[in-house]
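Structural features, examined
The primary structure of each chain is shown beneath.
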Amino acid sequence: MPIPASALPPHPDPADPVARLERLAAQPGHDGRLTHVERLPARDGRPSPWPTWAPAEVVERFRAHGIEWPWSHQVDTADRAWRGRHVVVATGTGSGKSLGYLLPGLGTLATAGAPVRPRDRTPTVLYVAPTKALAHDQLAALDAIGAGLDGLRATAVDGDTPRSERDWARDHATWVVTNPDMLHRSVLPSQARWARLLGGLAYVVMDECHHYRGVFGSHVAQVLRRLRRLAAHHGARPTFVLASATVADPDACASTLTGLAVEAVTEDGSPRGAGALALWEPPLTETAGERGAPTRRPATAETADLLTDLVLDGVRTLAFVRSRRGAETVALTAQRQLAEVDPDLRELVAAYRGGYLPEDRRALEADLRAGRIVGAAATNALELGVDLVGLDAVLVCGFPGTRAALWQQVGRAGRRGRSSVGVLVARDDPLDTYLVRHPEALLGRPVEATVSDPDNPYVLGPHLAAAAQELPLTDDDLALFGPRARDGVEALAAEGVLRRRARGWFWTRRDRACDLADIRSTGGPPVQVVESPDGRVLGTVDAAAAHSSVHTGAVHLHRGRTYVVLDLDLEASVALVERSDPDWTTTAREVTDIEVVEPRARQRWGAAEVVLGSVQVTSQVVGYLRRRVLTGEVLGEEPLDLPPRQLRSTAVWWTLDADQVVASGVAAPDVPGAVHAAEHASIGLLPLFATCDRWDIGGVSTTLHRDTGRLTVFVYDGHPGGAGFAERGYAVAERWLRTTRDAIAACECRDGCPSCVQSPKCGNGNDPLHKAGAVRLLDVLLPG
Ligand SMILES: [Zn+2]
Ligand SMILES: [Zn+2]
């Protein structure tokens with residue numbers, strides 16, 4: 001309930017937004033919603049002297065930009081890089097990771113000075129960002145710091161770069177900012193023309209490298225191996241400097257990505273203002289979900305209420321919501337509620353629908369700074385490249401998928417050393433529910449790892465072909481591309497696309513080998529998403545994901561906008577969509593069958609087994625469910641007629657023998673429901689350990705599988721060849737399955753709900769499910 005307008009201070013300057021939040025949580029009927037508040041005390045920075053090797057003119061430039069002394073982690077990173085050691089810096093949002101590579105990079109260029117002749121080999125730096133926008137932001141920062149510095153000639157090379165500028169970059173640039181797509185499609189395939197840049201490479205910077213995960217990460221890892229080979233061919237052995245959000249094992253993740261031994265810097269030496277992380281769980285409601293299960297109040301509705309109340313209290317608040325439609329709903333709901341208190345208050349909240357143009361962003365930022373706007377709702381798309389300061393509170397509507405993304409969003413609050421609060425509002429699913437009840441999973445040492453699988457043959461093959469076209473592949477090269485490279489080139493030779501000659505393997509065709517790999521997707525030609533009636537192509541969807549994400553009738557989100565799919569034409573690989581704002585969402589339902597191809601690794605827990613191996617998956621999208629946006633109410637299920645699909649992938653599975661099933665005490669008729677419930681919950685919780693979301697993985701459960709001969713639960717990677725998720729599940733199997741067990745046991749529902757064992761994508765309509773039985777089976781499985 002809104003608080004009276006008289007409570008609004010004339011000049012909002014809330015001393016402590018946490019106290020305001022606690023007051024909201026103490027309102028009648030709000031019991032139990034605020035599940036945890038962690039106060040994060042202010043931290044003093046640890047400044048460090050400038051390294052003695054840093055040229056004075058470079059240090060002066062940082063000083064001129066207000067950096068009198070660097071922080072310890074910046075110097076630690078820069079020092080290692082300067083000494084030629086590959087390094088990843090994994091510290092918090094806003095800790096100034098960029099100085100770690102700017103200092104050695106600019107130092108190297110300044111020491112070498114300006115070349116005498118245009119094509120002279122001078123040192124060069126390649127900066128790679130996951131998005132074009134981020135690359136441009138970095139270029140602007142570099143231009144500001146390095147303007148006029150001897151030896152620095154920086155430019156961006158991406159899809160929009162005109163030919164003349166690209167030519168200039170080839171002949172003159174010493175610092176090139178680009179993205180992996182551009183390396184893959186343009187720079188590496190025409191390596192001879194980039195010989196100056198490649199042959200001079202002193203540093204390769206991989207910024208925001210936690211974005212390189214799953215299949216995309218596997219592709220980027222192979223692009224970097226191609227880059228390293230060509231650099232070596234032209235005479236350079238660059239040092240890699242990577243910047244990552246805080247994740248588990250950043251050194252291991254960076255080593256997998258680059259194929260090199262990478263050291264990690266994780267001690268954050270930057271200062272931090274006092275802050276707090278609050279966890280908020282919406283209540284269970286009377287709205288009946290599937291099979292009569294209770295459902296929670298949607299996170300959007302709860303976020304809108306919090307935004308209203310905080311704005312009334314004068315707390316400057318930004319809400320991050322997944323879709324633009326969701327962001328608009330939150331802002332409009334808050335405006336309506338404010339107007340009920342006083343019509344003038346409506347203006348205090350921005351219904352943020354201006355798009356993402358820099359001028360819109362700046363206008364919103366200025367209004368928030370000046371206090372003309374006190375609250376706004378934005379989509380996660382703003383996460384990169386937004387510079388909002390002076391916020392008192394950030395509301396995160398639903399866990400944004402990774403801990404790194406959560407802290408990035410929460411980190412928008414309180415940058416000026418004022419006290420601030422970030423609030424995670426849980427959605428109705430097992431992962432969010434677990435997190436708001438287990439603050440240690442968000443606050444302790446990170447357990448989520450950025451995983452990828454560069455050895456996936458479906459990824460590796462096209463990159464071997466591309467590499468061979470760039471420069472014939474020799475036997476010595478194969479080690480660089482990993483243990484499966486020899487099988488890979490032999491398979492390509494058998495297909496006739498590579499031919500072995502005395503100097504190595506050659507590409508035999510006339511077309512471009514790099515076109516064989518779309519580094520942002522896998523599994524055949526992507527499906528084009530085309531807008532009706534004007535025929536504009538909005539984007540593409542992975543072939544593998546098309547059946548479940550753009551089937552006829554699907555509500556499809558694109559850059560935060562909502563579309564409804566009119567028709568999915570599989571033959572033409574086109575999904576025809578129409579702009580529309582229905583008040584429901586859709587989730588596809590899938591049935592799956594799985595066959596074991598080859599076990600690769602095995603752990604025995606008593607009579608139980610956990611296995612990692614390759615599998616053949618047959619899955620079919622059989623229908624979809626419609627649910628109301630604001631209440632989560634199920635509106636109905638529609639059948640679909642789509643063909644089954646085959647997928648060779650990697651899975652982790654666990655099995656129990658017949659005696660163990662008896663020992664679990666689950667009555668025989670309840671065993672199918674128990675094993676099914678355990679499967680759903682384990683899929684819901686794997687994203688806690690591997691940076692995937694539940695749509696990247698799938699599962700099968702059965703009381704008796706024909707290949708294992710036992711009760712078995714499979715969880716598989718939904719991408720051809722695998723993406724590293726199942727492998728991560730295998731590596732942390734005990735923690736993952738124990739977490740699954742505890743999450744099911746802790747849910748306050750009686751017979752299962754979306755917060756524990758119900759799955760939105762279940763092809764069997766969440767039937768049968770047996771919640772208590774799932775806990776008993778997992779108790780028998782887990783080692784004592
Ligand atoms: Zn439940
Ligand atoms: Zn199911």
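Whatever comes next refers back to the structure up there.
This one's a predicted model, so the numbers in the text were calculated from it and none came from an experiment.

Moving on: the overall build of the chain. When helices and strands are tallied, the chain shows 25 helices and 29 strands. A compact globule built from 784 residues should have a C-alpha radius of gyration of about 28 Å, and the chain, at 27 Å, falls within 12% of that. Each principal axis of the C-alpha atoms in the chain carries an extent, and together these give about 75 × 70 × 60 Å. Relative to its 784 residues, the chain shows a buried fraction of 59%. Of all intrachain contacts in the chain linking residues separated by at least 6 positions in sequence, the fraction that spans at least 24 positions is 73%.

Turning next to the nonpolar core. With 80 residues, the main nonpolar core has L424, L435 and W654 as its most contacted residues. The dominant element in this core, judged by the number of residues it contributes, is helix α22 (residues 671–685), at eight residues. The residues contacting L435, other than those within four sequence positions of it, are L279, F399, L424, A441, L442 and L688.

What follows is about the pairing of strand β16 (residues 421–425). For β16, a buried count of five out of five residues is recorded, marking the element as mostly surrounded by other parts of the structure. Here β16 shows a buried face lined by V421, V423 and V425 and a second buried face lined by G422 and L424. Pairing geometry for strand β9 (residues 275–280) and β16, over four bridges, is parallel. Considered in β16, the bridge of W280 is made with V425.

As a further point, take the side chain of T402. Mapped onto the elements, T402 comes out in the loop between β15 (393–397) and α14 (403–410). Among the polar contacts made by the side chain of T402, one reaches the main-chain amide nitrogen of A405 at a distance of 3.0 Å. The contact partners of T402, leaving out residues within four places of it in the chain, are E448 and T691.

Next up on the list: the coordination of the zinc ion (ligand 2). At this site the zinc ion (ligand 2) is bound by H676 (NE2), H680 (NE2) and C762 (SG), with donor distances of 2.0 to 2.3 Å. Read in sequence order, the donor residues coordinating the zinc ion (ligand 2) give the pattern H-x3-H-x81-C. Highlighted residues: H680 in helix α22 and C762 in the loop between α24 (733–746) and α25 (771–781), separated in sequence by 82 residues. No difference in accessibility class separates H680 from C762, as the two residues are buried.

A few words on the sheet that holds strand β2 (residues 87–90). Pairing is parallel in the open sheet, where seven strands are placed in the order β4-β5-β3-β6-β7-β2-β8. Sheet topology places β4 (154–156) and β8 (263–265) at the edges, where each strand pairs with a single neighbour. Strand-to-strand twist of the sheet, defined as the mean angle between neighbouring strand axes without regard to direction, takes the value 15 degrees. Set on the sheet, helix α3 (residues 72–82) makes contact with β2, β6 (201–206), β7 (239–244) and β8; between it and β8 the angle comes to about 160 degrees.

At a minimum axis separation of 7 Å, α3 and helix α4 (residues 99–112) run at an interaxial angle of 45 degrees. Comparing the axis directions of α3 and α4 gives the class oblique. In this structure, the crossing between α3 and α4 has a hand that is right-handed. Contact residues: Q74, T77, A78, A81 and W82 in α3; L99, G100, L103, P104, G107, T108 and T111 in α4. Looking at the contact of α3 with α4, its residues break down into six nonpolar, six polar and no charged.

As a further point, take the coordination of the zinc ion (ligand 1). Six octahedral donors around a metal ideally subtend angles of 90 or 180 degrees, whereas four tetrahedral donors ideally subtend 109.5 degrees. The protein atoms that coordinate the zinc ion (ligand 1) are C747 (SG), C749 (SG), C753 (SG) and C756 (SG), at distances spanning 2.2 to 2.4 Å. Considering all four donor atoms around the zinc ion (ligand 1), angles at the metal cover 100 to 118 degrees and the coordination shape is tetrahedral. Read in sequence order, the donor residues coordinating the zinc ion (ligand 1) give the pattern C-x1-C-x3-C-x2-C.

With that out of the way, let us pick up unusual backbone geometry. Look at the link from S532 to P533: it is a cis peptide, with omega at 5 degrees. In this structure, P533 sits in the loop between β19 (527–531) and β20 (537–541). Following D767, the chain continues into P768 via a peptide bond in cis, with omega recorded as -5 degrees. With respect to the element layout, P768 can be found in the loop between α24 and α25. Phi is positive for D249, which is not a glycine, with a value near 50 degrees. Inspection of the secondary structure puts D249 in the loop between β7 and α10 (250–258).

Attention now moves to empty space enclosed by the protein. This structure, assessed with the given rule, holds five cavities of 30 Å³ or more. In this structure, the largest cavity occupies an estimated 80 Å³ of space. No other element matches α10, which puts four residues into the lining of the largest cavity. Classifying every residue of the lining of the largest cavity by side-chain character gives eight nonpolar, four polar and no charged.

Applying the stated criterion to the full structure yields five aromatic pairs. A ring pair is formed by W653 and F714, whose centres lie 5.3 Å apart and whose planes are at 40 degrees; its orientation type is tilted. On the criterion of sequence distance, the pair formed by W653 in strand β27 (residues 645–656) and F714 in strand β29 (residues 711–717) is long-range, its members being 61 residues apart. Among the residues examined, W653 registers a relative accessible area of 3% and is labelled buried. Taking the relative accessible area as the measure of exposure, F714 reaches 0% and is therefore buried. Positioned over the ring face of W69 is R63, at 5.0 Å from the centre of the ring.

All told, the structure shown has 43 salt bridges when counted by the stated rule. Measuring nitrogen to oxygen at the nearest pair gives 2.6 Å for the salt bridge that ties E470 to R226. With E470 in helix α17 (residues 457–470) and R226 in helix α9 (residues 214–233), this pair connects stretches of sequence that are 244 residues apart. In this pair, the class of E470 matches that of R226, namely buried. Between R579 and D581 there is a salt bridge, with the nearest N and O atoms lying 3.7 Å from each other. Exposure remark for D581: the relative accessible area of 43% places this residue in the partly exposed category.

On to the sheet that holds strand β21 (residues 555–558). Hydrogen bonds along the backbone pair up the strands of a sheet, which may run parallel or antiparallel. Strand order in the open sheet formed by five strands is β20-β19-β23-β22-β21, and the pairing between neighbours is mixed. Of all the strands in the sheet, the pair left with one neighbour each is β20 and β21. Mean inter-strand twist for the sheet, computed between neighbouring axes without regard to direction, equals 35 degrees. Both β19 and strand β23 (residues 574–579) contribute to a ladder of four bridges, which runs parallel. Counted as the bridge partner of V529 is A575 from β23.

The residue P55 is located in the loop between β1 (34–40) and α2 (56–64) in this model. Taking the relative accessible area as the measure of exposure, P55 reaches 14% and is therefore buried. Between the C-alpha atoms of P55 and A110, which are 55 residues apart in sequence, the distance is 7.3 Å.

Rules used throughout
- Residues numbered from 1 in each chain as written.
- Chains lettered and ligands numbered in written order.
- Predicted model: local features only at pLDDT ≥ 70, side-chain atom pairs only at ≥ 80, totals over all residues.
- Heavy atoms only, no water.
- Helix = DSSP H or I, 4+ residues; strand = E, 2+ residues; numbered from the N terminus.
- Rg over C-alpha atoms; globule rule 2.2 N^0.38 Å.
- Buried < 20%, exposed > 50% of the residue type's maximum accessible area, 1.4 Å probe, protein only.
- Contact = heavy atoms within 4.5 Å.
- Core = buried A, V, L, I, M, F, W, Y, C linked by side-chain atoms within 4.5 Å.
- Pairing = 2+ DSSP bridges.
- Polar contact = N/O pair within 3.5 Å; in protein donor to acceptor, adjacent residues only side chain to side chain.
- Donors = N, O, S within 2.8 Å, 3.2 Å for Na, K, Ca; no water.
- Axes fitted to C-alpha atoms, helices over the stretch in contact; angles between N-to-C directions.
- Parallel < 35°, antiparallel > 145°, perpendicular 65-115°, else oblique.
- Left-handed = near helix turned anticlockwise from the far one by under 90°.
- Nonpolar A, V, L, I, M, F, W, Y, C, P; charged D, E, K, R; others polar.
- Tetrahedral: all angles 85-135°; square planar, octahedral: opposite > 155°, others 65-115°.
- 1 Å grid on protein atoms, 1.4 Å probe; cavity = no way out; pocket = protein on both sides within 12 Å on 5 of 7 lines; lining within 4 Å.
- Points joined across faces, edges and corners; volume = space filled by probe spheres on them.
- Phe/Tyr/Trp six-rings, centres within 6.5 Å; stacked < 30°, edge-to-face > 60°.
- Lys NZ or Arg CZ within 6 Å of the ring centre and 35° of its normal.
- Salt bridge = Lys/Arg side-chain N within 4 Å of Asp/Glu carboxyl O.

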